[in-house]
Amino acid sequence: MTQIEFKKLVNIAASANNPPPLSIFSGGVEDWRSRCRLAQFLSLPSIPGHIDEAIELFKSIEVAEVNEEDSEEVEEKVAGLQRLAELLRAKKDYKTALHFINRAIELAEGTDFLYKFILRGELWADRWNLLTDIGQEDDAEEECDERITAYEDITDIKNSYMYFGYRFKAQLAAKRGDAPLIVKDYMHMALKFMEIPDSYRVKLDEAFSATHNNMAFVLQDIDKCTPKSTFVSWDI
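Okay, so let's go over this structure.

The rules behind each value
- Residues numbered from 1 in each chain as written.
- Predicted model: local features only at pLDDT ≥ 70, side-chain atom pairs only at ≥ 80, totals over all residues.
- Heavy atoms only, no water.
- Axes fitted to C-alpha atoms, helices over the stretch in contact; angles between N-to-C directions.
- Helix = DSSP H or I, 4+ residues; strand = E, 2+ residues; numbered from the N terminus.
- Parallel < 35°, antiparallel > 145°, perpendicular 65-115°, else oblique.
- Left-handed = near helix turned anticlockwise from the far one by under 90°.
- Contact = heavy atoms within 4.5 Å.
- Nonpolar A, V, L, I, M, F, W, Y, C, P; charged D, E, K, R; others polar.
- Buried < 20%, exposed > 50% of the residue type's maximum accessible area, 1.4 Å probe, protein only.
- Arc of directions from axis to C-beta.
- 1 Å grid on protein atoms, 1.4 Å probe; cavity = no way out; pocket = protein on both sides within 12 Å on 5 of 7 lines; lining within 4 Å.
- Points joined across faces, edges and corners; volume = space filled by probe spheres on them.

### Focus on the packing of helix 3 (residues 51–59) against helix 4 (residues 71–90)
1) Next: Their axes nearest at 10 Å, the elements helix 3 and helix 4 cross at an angle of 140 degrees. One way to sum up the angle between helix 3 and helix 4 is to call them oblique. Crossing angle aside, the handedness with which helix 3 passes helix 4 is left-handed. On helix 4, the residues that touch I51, A54, I55, F58 and K59 of helix 3 are G80, R83, L84, L87 and L88.
2) Next: Its residues assigned to classes, the contact of helix 3 with helix 4 comprises seven nonpolar, one polar and two charged.

Set out below in structure tokens:
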């Protein structure tokens, strides 16, 4: 991408509703963080029609060197790679998406930072979902079980690995047509590892009390009644 093309895309982002400050793109096309930030904005639903450009920009950050002593810099690249995998999955380009989520996991797991927004457990769940998409469901479940086993004796922390692990197992159980009690038990286990404010409890109880057997729908309802993971306090 040329500097002229980059500036045109910056102008598109700047003309959107709730535009970003132009200073975050000041590094221009040569700066990977500017490219990553522009890609994030171009991939928003509020700026339709620019997914391909966002994907191109995101792909360009794969080889960018980061300062692994700077948690914000590491997190920004991980977030970009995760969003890229999400966009590629939406296009059903599962194998390429899997490559980039693997790169995100590799970078995130290479440090001990407690990130502000990125959750390691969510990154792994993205990988497991992609493995399922390409027919490697058993491999995904085996990896998930390994993560759960690694932390099963530590029950007093808010753990994204455990939350997303049990949530993934609930989704698999629903997909396989397992008994509703099994699906709900997995989700109850997942929620033990997330901080749930009292204000959410009533609606969550209502979602769990559903008596029909459409467990995919029940899980959607539970998700709607669960705090957004990015706004929850996590220990890991």
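### Considerations on helix 10 (residues 201–208)
1) Next: Within helix 10, burial applies to L204, A207 and F208. For helix 10, the angular spread of the buried residues around the axis is 95 degrees, confining them to a single face. Projecting away from the buried face of helix 10 at angles above 90 degrees are the exposed residues V202, K203 and E206.
2) Next: Buried residues in helix 10 make contact with helix 9 (180–191) and helix 11 (215–224).

### A look at the layout of surface pockets
1) Next: What the largest pocket holds in volume is close to 1,100 Å³.
2) Next: If you trace the largest pocket, you find 35 residues lining it, with Q82, E86, E122, S229 and T230 closest to the centre.
3) Next: Listed by contribution, the elements that provide at least two residues to the lining of the largest pocket are helix 2 (32–42), helix 4, helix 6 (120–133), helix 8 (160–176) and helix 11.
4) Next: In terms of residues, the lining of the largest pocket owes the most to one element, helix 4, which gives ten residues.
5) Next: Residues that form the lining of the largest pocket fall into these classes: 14 nonpolar, seven polar and 14 charged.
6) Next: What lines the second largest pocket is A64, E65, V66, E68, K77, L81, R103, E106 and L107.
7) Next: The greatest single-element share of the lining of the second largest pocket, amounting to three residues, is contributed by helix 5 (residues 94–109).
8) Next: Taken together, the residues that form the lining of the second largest pocket break down as four nonpolar, no polar and five charged.

Note that all results are geometric; they support no functional claim without further evidence.
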